[in-house]
Amino acid sequence: AGLAQQAVVSTQSTGKKHSLGLDFPNLPYLIDGDVKISQSVAIMRYLGRKFGLVPSEADVARIEVFEQFLMDIRNSLSKVCYGDKEKFETAKADFIGKLAKQLEEVKGFIGDGPYAAGAKLTYVDFMALEFLSHCAAFSPESFENTAAADYLDRIKSLPALKNFYESENCTHNSYTINAPFSQWPGWPNKQ
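Residues numbered from 1 in each chain as written. Predicted model: local features only at pLDDT ≥ 70, side-chain atom pairs only at ≥ 80, totals over all residues. Heavy atoms only, no water.

*Asks:* Can you walk me through unusual backbone geometry in this structure?
*Replies:* One can expect most non-glycine residues to show negative phi and most peptide bonds to be in trans. Look at the link from Leu27 to Pro28: it is a cis peptide, with omega at -5°. Tracing the backbone shows Pro28 in the loop between strand S1 (8-10) and strand S2 (29-32). For the peptide bond that leads from Gly113 to Pro114, omega is 15°, which places it in the cis range. Unlike most non-glycine residues, Gln39 shows phi in positive territory, near 80°. For Gln39, the position within the fold is in the loop between strand S3 (35-38) and helix H1 (40-50). Given a relative accessible area of 38%, Gln39 falls into the partly exposed group. Within the chain, Asn145 stands out as a residue other than glycine whose phi angle is a positive 55°. (Helix = DSSP H or I, 4+ residues; strand = E, 2+ residues; numbered from the N terminus. Buried < 20%, exposed > 50% of the residue type's maximum accessible area, 1.4 Å probe, protein only.)

This is the structure we're talking about:
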């Protein structure tokens, strides 16, 4: 039940994305057999359905709200990172000032968890791992001794992810979070 052997997931621009039959050529994109999709959230939802990482019917609305809450956080961070150089420090301080309240909201949402949908791991937990890890790299002090940090650690401790993070192939050790030309690229080990 894995991805098709010829599945392609790309986050690298090769110039050929416009010739692949994607409805909305963009990065990232995924080609899995006859399925050709772009847009991060659409890809996450597709993979969630494919691998049984979707919330129960009773939890769908609640999890979709968390998904969009995470998108709001990521979009806010992107505005800071790609905003005016002259306003970066002010925007950064404003973002970090709001982050503490948002992390408390994450704590309240996860509750006893251990995941967003309780005991069931869903695609939104992986989205949270990505987006909140970006915020933790941007403002490590905001995550010190927090329930959000514990939540991220639980996800990173899943066996396959633990192996990935400890491997030489871990892209988190070599790629920036944002484009190198942004106000804060998020260089690994160069924070």
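That covers the picture; the talk isn't over yet.
*Asks:* I would appreciate a short explanation of the pairing of S3 in the present structure.
*Replies:* A regular strand carries its side chains on alternate faces of the sheet. With four bridges joining them, S2 and S3 adopt antiparallel strand pairing. Within S3, the residue paired with Leu30 across the bridge is Ile37. Hairpin connection from S2 to S3: two residues lie between these consecutive antiparallel strands, with Gly33 at a positive phi of about 65°. (Pairing = 2+ DSSP bridges.)

*Asks:* How should the packing of aromatic side chains be read in this particular structure?
*Replies:* The way to describe two aromatic rings as a pair is by their centre distance and the angle between their planes. A complete count under the given rule lists seven aromatic pairs for this structure. On the numbers, 6.4 Å between centres and 85° between planes, the contact of Phe88 with Phe138 is edge-to-face. Of the two residues, Phe88 sits in helix H3 (residues 88-110) while Phe138 sits in helix H4 (residues 123-138), which places them 50 residues apart along the sequence. The burial state of Phe88 is the same as that of Phe138; both residues are buried. Here Phe95 and Phe138 contribute two aromatic rings whose centre-to-centre distance is 5.7 Å and whose plane-to-plane angle is 80°, an arrangement assigned as edge-to-face. Of this pair, Phe95 sits in helix H3 while Phe138 sits in helix H4, and the two are 43 residues apart along the sequence. (Phe/Tyr/Trp six-rings, centres within 6.5 Å; stacked < 30°, edge-to-face > 60°.)

*Asks:* Sorry if this is basic, but what is going on with H3 here?
*Replies:* The end-to-end C-alpha distance of H3 is 31 Å, a good match for the 33 Å that 23 residues give at a rise of 1.5 Å each. Within H3, the axis deviates most sharply at Leu99, by approximately 30°. Residues of H3 that are buried include every one of Phe88, Phe95, Leu99, Gln102, Leu103, Val106, Phe109 and Ile110, and no others. Buried positions along H3 lie against helix H2 (60-81), H4 and helix H5 (147-156). (Expected span 1.5 Å × (residues − 1). Bend = angle between axes of the 7 residues up to and from the residue. Contact = heavy atoms within 4.5 Å.)

*Asks:* Looking at this structure, how should I read the nonpolar core?
*Replies:* One broad rule of soluble globular proteins: the nonpolar side chains tend to lie buried together. Within the largest apolar cluster, 39 residues are counted, with the highest numbers of intra-cluster contacts made by Phe66, Leu70, Phe95, Leu132, Phe138, Phe143 and Tyr151. Contributions of two or more residues to this core are made by H1, H2, H3, H4 and H5. The contacts of Leu70, once residues within four sequence positions are left out, are Val124, Met127, Ala128, Phe131 and Leu132. (Core = buried A, V, L, I, M, F, W, Y, C linked by side-chain atoms within 4.5 Å.)

*Asks:* Just to check I follow, could you spell out the pattern of salt bridges for this structure?
*Replies:* Where charged atoms of side chains with opposite charge meet at close range, the side chains can pair. Tallied over the full model, the rule gives six salt bridges. Between Lys50 and Asp32 there is a salt bridge, with its nearest N and O atoms 2.6 Å apart. Residue Lys50 is located in helix H1, and its partner Asp32 is located in strand S2; the two are separated by 18 residues in the primary sequence. Among the residues examined, Asp32 registers a relative accessible area of 5% and is labelled buried. For Lys162, the salt bridge identified is with Glu166, shortest N-O distance 2.8 Å. Highlighted residues: Lys162 and Glu166, both in helix H6 (residues 159-166), separated by four residues, approximately one helical turn. (Salt bridge = Lys/Arg side-chain N within 4 Å of Asp/Glu carboxyl O.)

*Asks:* I would appreciate a short explanation of the environment of Arg45 in the present structure.
*Replies:* Within the fold, Arg45 resides in helix H1. On the accessibility criterion, Arg45 (31% relative accessible area) is partly exposed. C-alpha separation for the pair Arg45 and Thr122, spaced 77 residues apart in sequence, amounts to 9.5 Å. Excluding anything up to four places from it in sequence, Arg45 contacts Glu67, Gln68 and Tyr123. A polar atom in the side chain of Arg45 sits 2.5 Å from the side chain of Glu67. (Polar contact = N/O pair within 3.5 Å; in protein donor to acceptor, adjacent residues only side chain to side chain.)

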